[in-house]
Amino acid sequence: MASTLSAQAAGSTVTLDVDGSPCDFLVVQQGKPDDSYDDSCDGTWLMMEGLYNEMAWGGASTNKYSASDAHAWLNDDFLALLDPDILAMVKTVKIPVADDAAVLTGADGLEAKAFLPSAREVGWVASSFPVEGSCLDFFDGFSNSDDRRMACDSAGASKNWFTRTYVRSSGRVAGILRSSGGPTQQDPDAIMFLR
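Owing to the predicted nature of the structure, the values given are computational and were not obtained by experimental measurement. (Residues numbered from 1 in each chain as written. Predicted model: local features only at pLDDT ≥ 70, side-chain atom pairs only at ≥ 80, totals over all residues. Heavy atoms only, no water.)

Caption draft 1: Inspection of the overall build of the protein chain at higher detail. Within the protein chain, the secondary structure is distributed over 3 helices and 12 strands. Relative to the 2.2 N^0.38 estimate, which gives 16 Å for 195 residues, the radius of gyration of the protein chain is 15 Å and therefore close to what a compact globule would have. In terms of overall dimensions, the protein chain has C-alpha extents of about 45 × 40 × 35 Å along its principal axes. Partitioning the intrachain contacts of the protein chain with sequence separation of at least 6 by distance along the chain shows that 58% fall at a separation of at least 24. If you sum the accessible surface of the protein chain, you get close to 8,700 Å²; carbon and sulfur atoms cover 46% of it. Averaged over its 14 positive side-chain charges, the protein chain has a centre that lies 6 Å from the centre of its 28 negative ones. (Helix = DSSP H or I, 4+ residues; strand = E, 2+ residues; numbered from the N terminus. Rg over C-alpha atoms; globule rule 2.2 N^0.38 Å. Contact = heavy atoms within 4.5 Å. Areas by Shrake-Rupley, 256 points an atom, 1.4 Å probe, with all protein chains shown as cover. Lys, Arg positive; Asp, Glu negative; His and termini not counted. Charge placed at Lys NZ, Arg CZ, Asp CG, Glu CD.)

Caption draft 2: Focus on the side chain of S40. Residue placement: S40 occurs in the loop between β2 (21–30) and β3 (44–48). Setting aside residues up to four positions removed in sequence, S40 forms contacts with K91, T92, V93 and K94.

Caption draft 3: Broad picture of the environment of A155. By the element assignment, A155 lies in the loop between β8 (110–112) and β9 (161–167). Owing to a relative accessible area of 71%, A155 belongs among the exposed residues under this scheme. Taking the C-alpha atoms as reference, A155 lies 27 Å from S143; in sequence the two are 12 residues apart. (Buried < 20%, exposed > 50% of the residue type's maximum accessible area, 1.4 Å probe, protein only.)

Caption draft 4: Fine view of the pattern of salt bridges. In this structure the tally under the stated criterion is 4 salt bridges. Here K32 ties to D39 by a salt bridge, and the two come within 2.8 Å at their closest N and O atoms. Overall, D39 belongs to the exposed group, its relative accessible area being 57%. Between E121 and R164 there is a salt bridge, with the nearest N and O atoms lying 2.9 Å from each other. Taken together, the residues span a long stretch of sequence, with E121 in the loop between β8 and β9 and R164 in strand β9 at a distance of 43 residues. Just as E121 is buried, R164 falls in that class too. Within the structure, one salt-bridge network assembled from shared partners comprises K32, D35 and D39. (Salt bridge = Lys/Arg side-chain N within 4 Å of Asp/Glu carboxyl O.)

Caption draft 5: Structural view of the sheet that holds strand β1 (residues 13–18). An order of β1-β2-β3 is seen for the 3 strands of this open sheet, with the pairing classed as antiparallel. Each of the sheet's edge strands pairs with one partner strand only, and the pair in question is β1 and β3. The sheet shows a mean angle of 45 degrees between the axes of neighbouring strands, taken without regard to direction. The sheet contact formed by β1 and β2 spans 6 bridges and is antiparallel. Its bridge partner being in β2, V18 is matched across the sheet by S21. (Pairing = 2+ DSSP bridges. Axes fitted to C-alpha atoms, helices over the stretch in contact; angles between N-to-C directions.)

Structure, rendered in structure tokens:
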């Protein structure tokens, strides 16, 4: 399957089992996006096409994605839902992430197998946001209100979803607005979807 995935262009869809049911994933990047990423990030990047779990990002007590409930759930409970053969192919990578006043990049990035995209990775750039990586190929050219960012829950309803970007100036987490695919900001203890 690895050779098949590496041949898929950004925007392609692949289907993988999650908790025994087929789920569609978008290919959002092939290869390392730029030098702010560790070499471990060189591979095929997948993002679940729909929304999967509704939960708080991490509560008002943390402003670090690395300490968030979302990061813990993705790298424990979510990974346990994958077919063992698929899980064996999921790489451990180091991603750029804001950590207090600095953004950790390259080999100093956050270690993860599954993670929320940063606001910048989905093409949302704002001067108040930390620079966590770069726009992924699938999202290149999206405007701030592009409905191609929208995602639906299992009932087909469009919902807001979290990124990993914490906005220090507002004390909120960057999210994607369900009605337009554009940006919003939510309290970290608000309940929103993970994608």
